[in-house]
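# Tertiary structure, described
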Amino acid sequence: MRCVDVKERLSAYVDRELDAALQRSVGEHLDGCVRCREELAALRAIDAEIQALPQVGMGPEFAEAVTVRACKDFLARDGSHVVRTGPFARLENLLEALFEVLEASGSVRTRTLDEFSDFPPLSMGYVYCRLLGLCTGD
Amino acid sequence: MGDPDIELLRAIAGGDHLAFKGLVERYQSRLLNFLFRYLRDRQAAEDLTQEVFLKVYQAAPRFEPRARVRTWIFTIAYNLAVNELRRRWRRRLFRLLVPEDPEIEAPEAGNRLELEETMAESLRLLPHNQRAALLLRVRDELSYQEIAEILGVSRASVESLLFRARDRLRRLLRNRGAR
Ligand SMILES: [Zn+2]
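These figures come from a predicted structure and were not determined experimentally. (Residues numbered from 1 in each chain as written. Chains lettered and ligands numbered in written order. Predicted model: local features only at pLDDT ≥ 70, side-chain atom pairs only at ≥ 80, totals over all residues. Heavy atoms only, no water.)

### Some points on the interface of chain A and chain B
Many structure descriptions define interface size as the accessible area lost when the parts assemble. Each partner contributes to the interface: chain A provides 50 residues, whereas chain B provides 65 residues. Buried area between chain A and chain B, both sides added, is near 5,400 Å², and the carbon and sulfur share of it is 55%. The interface formed by chain A and chain B contains 6 salt bridges. Measuring nitrogen to oxygen at the nearest pair gives 2.7 Å for the salt bridge that ties E39 of chain A to R170 of chain B. On the surface where chain A and chain B come into contact, there are 16 residue pairs in polar contact (both at pLDDT 80 or more). Listing elements by their share of the side of chain A that touches chain B, those giving two or more residues are helix 1 (3-14), helix 3 (34-52), helix 4 (62-76), helix 5 (89-106) and helix 6 (111-116) of chain A. In terms of residue count, the dominant contributor to the side of chain A that touches chain B is helix 4 of chain A (10 residues). In terms of residue class, the side of chain A that touches chain B is made up of 21 nonpolar, 9 polar and 20 charged. (Contact = heavy atoms within 4.5 Å. Buried area = accessible area lost by both parts, 1.4 Å probe. Salt bridge = Lys/Arg side-chain N within 4 Å of Asp/Glu carboxyl O. Polar contact = N/O pair within 3.5 Å; in protein donor to acceptor, adjacent residues only side chain to side chain. Helix = DSSP H or I, 4+ residues; strand = E, 2+ residues; numbered from the N terminus. Nonpolar A, V, L, I, M, F, W, Y, C, P; charged D, E, K, R; others polar.)

### With respect to unusual backbone geometry
The backbone of R16 of chain A sits at a positive phi, close to 55°, despite the residue not being glycine. In this fold, R16 of chain A is placed in the loop between helix 1 and helix 2 (20-32). Unusually for a residue other than glycine, E141 of chain B sits at a positive phi of about 55°. E141 of chain B sits in the exposed class, given a relative accessible area of 56%. (Buried < 20%, exposed > 50% of the residue type's maximum accessible area, 1.4 Å probe, protein only.)

### Topic: the coordination of the zinc ion
Those protein atoms acting as donors to the zinc ion are C3 of chain A (SG), H29 of chain A (NE2), C33 of chain A (SG) and C36 of chain A (SG), and they sit at 2.0 to 2.4 Å. Given 4 donor atoms and angles of 104 to 113° at the metal, the environment of the zinc ion is assigned as tetrahedral. (Donors = N, O, S within 2.8 Å, 3.2 Å for Na, K, Ca; no water. Tetrahedral: all angles 85-135°; square planar, octahedral: opposite > 155°, others 65-115°.)

### Observations regarding the packing of helix 2 (residues 17-39) of chain B against helix 3 (residues 42-59) of chain B
Residue and element names in this part refer to chain B. As a packed pair, helix 2 and helix 3 sit with axes 8 Å apart at the nearest point and diverge in direction by 145°. Between helix 2 and helix 3 the crossing geometry is right-handed. Touching H17, F20, L23, V24, Y27, Q28, L31, L32, L35, F36 and L39 of helix 2 are R42, A44, A45, E46, L48, T49, V52, F53, V56 and Y57, all from helix 3. A class-by-class count of the residues in the contact of helix 2 with helix 3 yields 16 nonpolar, 3 polar and 2 charged. (Axes fitted to C-alpha atoms, helices over the stretch in contact; angles between N-to-C directions. Left-handed = near helix turned anticlockwise from the far one by under 90°.)

### Points about the nonpolar core
Ranked by internal contacts, the top residues of the largest apolar core, which has 81 residues, are L9, Y38, I73, L134, L151 and L169 of chain B. When residues of this core are assigned to their parent elements, the largest contribution, 12 residues, is made by helix 2 of chain B. Residues contacting L134 of chain B, with those up to four places away along its chain left out, are I50 of chain A together with L123, L126, R139, L162, A165, R166 and L169 of chain B. (Core = buried A, V, L, I, M, F, W, Y, C linked by side-chain atoms within 4.5 Å.)

### Digging into the domain arrangement of chain B
All names here are of chain B. With domains assigned, chain B is organised as domain 1 (4-85) and domain 2 (101-178). Listed by partner, the interface residues are 16 residues for domain 1 and 20 residues for domain 2. Applying the counting criterion to the domain 1 and domain 2 interface returns 4 salt bridges. As a salt-bridge pair, E146 and R68 come within 3.8 Å of each other at their nearest N and O atoms. At the surface where domain 1 touches domain 2, the tally comes to 4 residue pairs in polar contact (both at pLDDT 80 or more). Among the secondary structure elements, those contributing two or more residues to the side of domain 1 that touches domain 2 are helix 2 and helix 4 (69-97). Residues of the side of domain 1 that touches domain 2, tallied by class, amount to 7 nonpolar, 3 polar and 6 charged. (Domains from an automatic or database assignment.)

### Some thoughts on the packing of helix 3 of chain B against helix 4 of chain B
All names here are of chain B. Orientation of helix 3 relative to helix 4, taken along the N-to-C sense of each, is 130°, at an axis distance of 9 Å. The orientation of helix 3 relative to helix 4 falls into the category oblique. Classified by chirality, the crossing of helix 4 by helix 3 is right-handed. When helix 3 is examined against helix 4, the residues A44, L48, E51, V52, K55, V56 and A59 are found in contact with a partner set consisting of W72, I73, I76, A77, L80, A81, E84 and R88. Tallied by class, the residues present in the contact of helix 3 with helix 4 amount to 11 nonpolar, no polar and 4 charged. (Parallel < 35°, antiparallel > 145°, perpendicular 65-115°, else oblique.)

### What to know about the packing of aromatic side chains
Residues and elements named next belong to chain B. For the coordinates displayed, the defined rule picks out 6 aromatic pairs over all chains. Aromatic side chains F20 and Y57 sit 4.9 Å apart centroid to centroid with 75° between the ring planes, which places their arrangement in the edge-to-face category. Taken as a pair, F20 in helix 2 and Y57 in helix 3 lie far apart in primary sequence, 37 residues in all. Taken as a pair, F20 and Y57 share a single burial class, namely buried. Clustering of aromatic rings is evident, with ring pairs tying together F34, Y38, F74 and Y78. (Phe/Tyr/Trp six-rings, centres within 6.5 Å; stacked < 30°, edge-to-face > 60°.)

### What about the confidence of the model for chain A?
Low pLDDT means the predicted atomic positions in that stretch should not be read closely. A residue-level look at chain A finds 65% of positions with pLDDT of 70 or above and a mean pLDDT of 76. Ignoring residues within four places in sequence, the model shows residues 132-138 of chain A, a span with pLDDT below 50, making 25 contacts including any to other chains. (pLDDT = per-residue confidence, 0-100.)

This is the structure we're talking about:
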């Protein structure tokens, strides 16, 4: 294996996601190549830094609050949505909904749309519903 | 494939509130941190974390165990986050046409080590899907297959996204010594 081939695979090697044969050949190359070992060390250093970024935490009451909220929503069947105010709120809602329809028709990412919203994302009913602020647009 | 969360999800689907609370406690920190690093906005990350759980609760009865529960939960989180970024982008565009109060870029409070700041900053400069893949891999230790499902791309694409993300970070961070 040449260094360029190894370099391309180091990222997957670090993740142990290469198939067994490749994982082995990269390992063998690394045993005999200082430069690629340096590359590997640099890659691991990057990962270590990402892991070391500080964690943020939720308040202690979060789980309880979400549970209560979920039950209430379930009973009321009224999903949460962004409530816009101001003179341009309706226009903004309309534009946003139209944008979404245009975007959705041009993209393949419609999986969650049909899974989670009650209106088909490509329908004008959806746009109308967004205009009234009735559904969330997720 | 044993999925420890399946039973929990079945219980939730059956209306067990304690099971739901248990699931929230199990995932709240991971989701919050993923969303925070992805969006780089604490408030939005908290709101979306809540949103994810509400969706999980609603959709639990319809969950089909083709995927792992955690993959499914992260998929919901990722899609919400992508929508949030799009919404912001549109809003910014809209504000250009109809100026309102200026968009407040959430400032990050407190003193941070410069090293941290540079890494967080560099992460932000990655393309969205590269950043998501990297966070899911390095911080949440998900497999390429799971990340592929979450991002809705092939496993090979995940490999390439991660390679490019790390390569880009290396190049971005190489310059920081010079600062
Ligand atoms: Zn080499």
